[in-house]
Protein chains: 2
Amino acid sequence: MTNLEKYTRLVEEAVANFSLPQDPNNLYDPLRYFMTLGGKRMRPILTLMATEAFGAQAQEGIQAALAVELFHNFSLIHDDIMDNAPLRRAQATVHEKWNSNIAILSGDVLLVKAYQCLASYEPSTLKALFEVFNQTAIEVCEGQQMDMDFEQRSNVSEAEYIEMIRLKTSVLLGCALQMGAIIGGANAQSSAHIYQFGVQLGLAFQIQDDLLDLFGESAAVGKQIGGDVLANKKTLLSIAANSLANERQKVELVKLNEIQDPELKVKFAQDLYTQIGAKAYCQNQMETFHSSALQALDELQNISSKTPFLELAAFLLHRNH
Amino acid sequence: MTNLEKYTRLVEEAVANFSLPQDPNNLYDPLRYFMTLGGKRMRPILTLMATEAFGAQAQEGIQAALAVELFHNFSLIHDDIMDNAPLRRAQATVHEKWNSNIAILSGDVLLVKAYQCLASYEPSTLKALFEVFNQTAIEVCEGQQMDMDFEQRSNVSEAEYIEMIRLKTSVLLGCALQMGAIIGGANAQSSAHIYQFGVQLGLAFQIQDDLLDLFGESAAVGKQIGGDVLANKKTLLSIAANSLANERQKVELVKLNEIQDPELKVKFAQDLYTQIGAKAYCQNQMETFHSSALQALDELQNISSKTPFLELAAFLLHRNH
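Because the structure is a prediction, the values reported are computed rather than measured.

Rules behind the numbers
- Here, residues in each chain are numbered from 1, in the same order as that chain's written sequence.
- Both sets of labels track the order of writing: A upward for chains, 1 upward for ligands.
- Thresholds applied to this predicted model are a pLDDT of at least 70 for local features of residues and 80 or more for the giving and counting of side-chain atom pairs; totals over whole chains, interfaces and linings are not thresholded and use all residues.
- Only hydrogens and water are removed before side-chain values are computed, so all heavy atoms of the structure are retained for them.
- Each cavity reported here is a set of points on a 1 Å grid over the protein atoms alone in which a 1.4 Å probe fits but cannot get out, each pocket an open set with protein on both sides within 12 Å along at least five of seven lines, and each lining residue one with an atom within 4 Å of a point.
- Grid points are joined across faces, edges and corners, and a volume is the space filled by probe spheres set on the points.
- In this description a helix means any DSSP run of H or I spanning at least four residues, a strand means any run of E spanning at least two, and both kinds are numbered starting from the N terminus.
- Three classes are used: nonpolar for Ala, Val, Leu, Ile, Met, Phe, Trp, Tyr, Cys and Pro, charged for Asp, Glu, Lys and Arg, and polar for all others, with Gly counted as polar.
- When two cysteine sulfur atoms are found within 2.5 Å, that pair is recorded as a disulfide.
- A 1.4 Å probe rolled over the protein chains alone gives each residue an accessible area, and that area as a share of the maximum for its type sets the label: buried under 20%, exposed over 50%, partly exposed in between.
- Any two residues having at least one pair of non-hydrogen atoms within 4.5 Å are treated as being in contact.
- Buried area is calculated as the accessible area (1.4 Å probe) missing from two parts once they are joined, with the contributions of both summed.
- Any carboxyl oxygen of Asp or Glu that lies within 4 Å of a side-chain nitrogen of Lys or Arg is treated as forming a salt bridge with it.
- A 3.5 Å cut-off defines polar contacts: any pair of N or O atoms within that distance qualifies, except that in protein one atom must be a possible hydrogen donor and the other a possible acceptor, and neighbouring residues in sequence count only when both atoms are side-chain atoms.
- Least squares is the method used to superpose the copies, on C-alpha atoms of residues holding a pLDDT of at least 70 in both.
- We call a set of buried Ala, Val, Leu, Ile, Met, Phe, Trp, Tyr and Cys residues a nonpolar core when their side-chain atoms join them within 4.5 Å.
- Here a helix's expected span is defined as the number of its residues, less one, multiplied by 1.5 Å.
- Within 6.5 Å between ring centres, the rings of Phe, Tyr and Trp (the latter by its six-membered ring) count as paired, and their orientation is classed by plane angle as stacked under 30 degrees, edge-to-face over 60, tilted in between.
- Criterion for a charge above a ring: Lys NZ or Arg CZ within 6 Å of the ring centre, and within 35 degrees of the ring normal.

Novice: Provide a residue-level description of empty space enclosed by the protein, including the pertinent values.
Specialist: The final tally for this structure, using the stated rule, is three cavities of 30 Å³ or more. Estimated volume of the largest cavity: approximately 70 Å³. Contributing to the lining of the largest cavity are L105(A), D108(A), F71(B), F74(B), S75(B), H78(B), D79(B), M82(B), V140(B), C141(B) and Q144(B). For the lining of the largest cavity, the secondary-structure elements that each account for two or more residues are helix 6 (100-118) of chain A together with helix 4 (62-82) and helix 7 (123-151) of chain B. For the lining of the largest cavity, the element with the highest residue contribution is helix 4 of chain B, accounting for six residues. Looking at the lining of the largest cavity residue by residue, the class counts come to six nonpolar, three polar and two charged. Quantified by volume, the second largest cavity comes out at close to 50 Å³. As for the second largest cavity, its lining consists of F74(A), S75(A), H78(A), D79(A), V140(A), C141(A), Q144(A), L105(B) and D108(B). Those elements giving two or more residues to the lining of the second largest cavity turn out to be helix 4 (62-82) and helix 7 (123-151) of chain A together with helix 6 (100-118) of chain B. It is helix 4 of chain A that provides the largest number of residues to the lining of the second largest cavity, a total of four residues. Across the lining of the second largest cavity, the residue classes break down as four nonpolar, three polar and two charged.

What follows is the structure, given as structure tokens:
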């Protein structure tokens, strides 16, 4: 069994053992449903990985790992309402299966349950975990608000977009790792490095997501190729294309917006973004964040083995879906 | 300056000094707006009162008091969405003034900010505060879910209704007091007594609210008399009326439901509920909870003065609005 398999098994066990009261069932049934929809459990795995790398037993990190996973699921339940999304992991979202009010309230209680997981740590560990968790939770909300604001704007810069994805998705990876490091007894400097590793890896991962949405293999992606283009969603690809296009290409970008046929539109976007150099630009940006992640890892001292982190980075960034 | 005025001033100062980032302004403007709508600040005052009664400086309780007030406001922002309420404290609700998505997300971040207030306490105090706060937050969500569930049901019993208001509103009063007691260094037994004082007082207060809604003085209530009856809302009054009515009165209760004219309907309800004995029954239940509150206070040892608590109970339960 690889380390990754071991951590995955521990996390799946913890999620399966996470028990909720029966009543009020309209509050807790949606959570029982949502928590079994699965997902990669990437964040809690990061926590266990860091817990062990910094010298504690993986088991000691399990409540913090669960806190991170519950928080992530809380944010998905609420984001799905805001995005009016019918599906999550190919199943009905909570607000679709029940209703918006139930999705709001069951999300709320899940956030509190996430906090409650931290209560099992002894006071000084709890305080340290609590601080990074609070800060991260606030940033994730800020990132989601920026994402919603961007939908109403035409002039989002690359820097703004990177800041948005840093807050909305990357800081939680950093937090997941840092919480493990705290439990493992890491000093402040090591905590900061492992946090940075997570944030930079998260940025690389998100840019790869943008790329795979348009250039991934349809069967492997498991969803429609070009979903972002069809929804006119802002991604690093579209932002880079707007900024790198020459005059002729700008005319083509306007044309892209006007294409109605989905298949044609996606094909046109693939060709145009490649020709403009936006695809290559994003690949380059992804590599830059990947390198920053590895550099943060390089600066880490007092750690038993960096191999699991390197394996994880390779695993995350060499996928085709 | 009375104690109550002193605590009120401290709380108002803390709320005024509670600062939020400028950006994203769609996330934080709604909170700046909502926090200035006022309210009685009853919960944070309870925290300061208990902090001082158990031997610490009121100032030491201020962050816990703020946590309770922010939590209360978070729950109001989300409840207003769920209840589709246009007004709160005679001003537009957040989801009306902005939109539901912004109300969901700014509520979320306010809940995290409430937790963040607790981070200023030293580790062992934080852990104790954290546990009662988590438990209470979960119960408040459960109470709100029960309240929503009751709207769809015709057969809500008195016991179920009391349990709903205990969770939805009373436990937060108990929590506010217990947090102050913890900061003041109270032992477990005293903490439990002051918590019970708050919960029982909260139940008495809520039943009084139900009574005043129908039998209060219109100008003093500051809102339409009989709002609950007009909205066909379940209250202890309506539940008691259904359970105490004789056959003839049951026919009258059906008639009450069918009256369209608001003024007539309210007058009819006042007379019928009085005649059935539901008004007297509720007054009696209110007094019973009030007595239980005073009894819990009676059992408290090691406290400098019970006067502020007695004054508060008298103040809360001898209002006409």
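Resuming the write-up.
Novice: Hey, could you go over the state of the cysteines for me, with residue numbers and the actual values?
Specialist: Scanning the entire structure with this criterion turns up zero disulfides over all chains. Not part of a disulfide, C117(A) finds its nearest cysteine sulfur in C175(A), a span of 13 Å. Given the relative accessible area of 6%, C117(A) is considered buried. Sulfur of C175(B): no disulfide; nearest cysteine sulfur belongs to C141(B) and is 13 Å away. Judged by relative accessible area, which is 0%, C175(B) ranks as buried.

Novice: Can you explain the interface of chain A and chain B? Please cite residues and give values.
Specialist: On the chain B side, the residues contacting the 42 residues of chain A number 42 residues. Summing the contributions of chain A and of chain B, the shared interface buries around 3,600 Å²; its carbon and sulfur component is 72%. Between chain A and chain B we count zero salt bridges in total. In this assembly, chain A and chain B are joined by twelve residue pairs in polar contact (both at pLDDT 80 or more). Only helix 2 (25-35), helix 4, helix 6 and helix 7 of chain A provide two or more residues apiece to the side of chain A that touches chain B. In terms of residue count, helix 7 of chain A provides more of the side of chain A that touches chain B than any other element does, 17 residues in total. For the side of chain A that touches chain B, the per-class residue count stands at 25 nonpolar, ten polar and seven charged.

Novice: Give me the lowdown on the pattern of salt bridges, citing residues and values where you can.
Specialist: Counting across every chain of the model gives 24 salt bridges over all chains. With a closest N to O distance of 2.9 Å, R166(B) and E163(B) form a salt bridge. With R166(B) and E163(B) both in helix 8 (residues 158-183) and three residues apart, this pair spans about one turn of that helix. By relative accessible area, R166(B) is classed as partly exposed at 24%. The exposure class of E163(B) is partly exposed, given its relative accessible area of 30%. Shared partners join several salt bridges into a network, and the residues in it are E12(A), R41(A) and E69(A).

Novice: Explain the environment of Q145(B) to me, and be specific about the residues and the numbers.
Specialist: Position of Q145(B) among the secondary structure elements: in helix 7. Along the chain, Q145(B) and K168(B) lie 23 residues apart, while their C-alpha atoms are 8.8 Å from each other. Setting aside residues no more than four positions away along its own chain, Q145(B) makes contact with P24(A), N26(A), L27(A), I102(A) and L105(A).

Novice: Describe the relation of the copies chain A and chain B, with residues and values.
Specialist: Structural alignment of chain A on chain B gives an RMSD of 0.0 Å, achieved by rotating through 180 degrees and translating 0.0 Å along the axis. The relationship between the two copies is best expressed as a two-fold rotation axis. Among all residues of chain A, the one whose C-alpha sits closest to the rotation axis is P123(A), at a distance of 2.4 Å. A shared interface surface links the copies, since 100% of the contact residues of chain A are contact residues in chain B too.

Novice: Any chance you could break down the nonpolar core for me, citing the residues and the numbers?
Specialist: If you look at the biggest cluster of nonpolar residues, it comprises 237 residues, and the most contacted ones within it are F197(A), F309(A), F197(B) and F309(B). With sequence-adjacent residues up to four places away left out, F197(A) is seen in contact with L177(A), A293(A), A296(A), L297(A), F309(A) and A313(A).

Novice: Outline helix 3 (residues 42-53) of chain A, supporting the account with residue identities and numerical values.
Specialist: Residue and element names in this part refer to chain A. The end-to-end C-alpha separation of helix 3 is 16 Å, in line with the 16 Å expected for twelve residues at 1.5 Å each. Counting buried residues along helix 3, eleven of its twelve residues qualify, which places the element largely inside the surrounding structure. Residues M42, R43, P44, I45, L46, T47, L48, M49, A50, T51 and A53 constitute the buried set of helix 3. Residues of helix 3 that are buried in the fold lie against helix 1 (3-17), helix 4, helix 8 (158-183), helix 9 (188-215) and helix 16 (307-317). Looking one or two places after helix 3, you find G55, whose phi comes out positive at around 105 degrees.

Novice: I'd like a description of unusual backbone geometry, backed by residues and values.
Specialist: Between D23(A) and the following residue, P24(A), the backbone shows a cis peptide bond with an omega angle of -5 degrees. Following the sequence through the fold, P24(A) ends up in the loop between helix 1 and helix 2. Its identity as a non-glycine residue notwithstanding, R89(B) has a phi of 50 degrees, on the positive side. Residue position: R89(B) is located in the loop between strand 1 (87-88) and strand 2 (91-92). Residue class for R89(B) comes out partly exposed when judged on its relative accessible area of 28%.

Novice: Got a sec to walk through the packing of aromatic side chains? Specific residues and values, please.
Specialist: Enumeration according to the criterion identifies 16 aromatic pairs over all chains in this entry. A centroid spacing of 5.9 Å and a plane angle of 70 degrees characterise the contact between Y115(A) and F130(A), whose relative ring orientation is edge-to-face. Residue Y115(A) is found in helix 6, and its partner F130(A) is found in helix 7; the two are separated by 15 residues along the sequence. Assessed through its relative accessible area of 1%, F130(A) is described here as buried. For the ring pair Y115(A) and F133(A), a centre distance of 5.0 Å and an interplane angle of 80 degrees mean the geometry is edge-to-face. Of this pair, Y115(A) sits in helix 6 while F133(A) sits in helix 7, placing them 18 residues apart in sequence. The exposure class of F133(A) is buried, given its relative accessible area of 2%. Site record: aromatic cluster; members linked through ring pairs are F71(A), F74(A), Y115(A), F130(A), F133(A), F71(B), F74(B), Y115(B), F130(B) and F133(B). The residue whose ring lies beneath K97(B) is W98(B), and the NZ or CZ to ring-centre distance is 5.8 Å.

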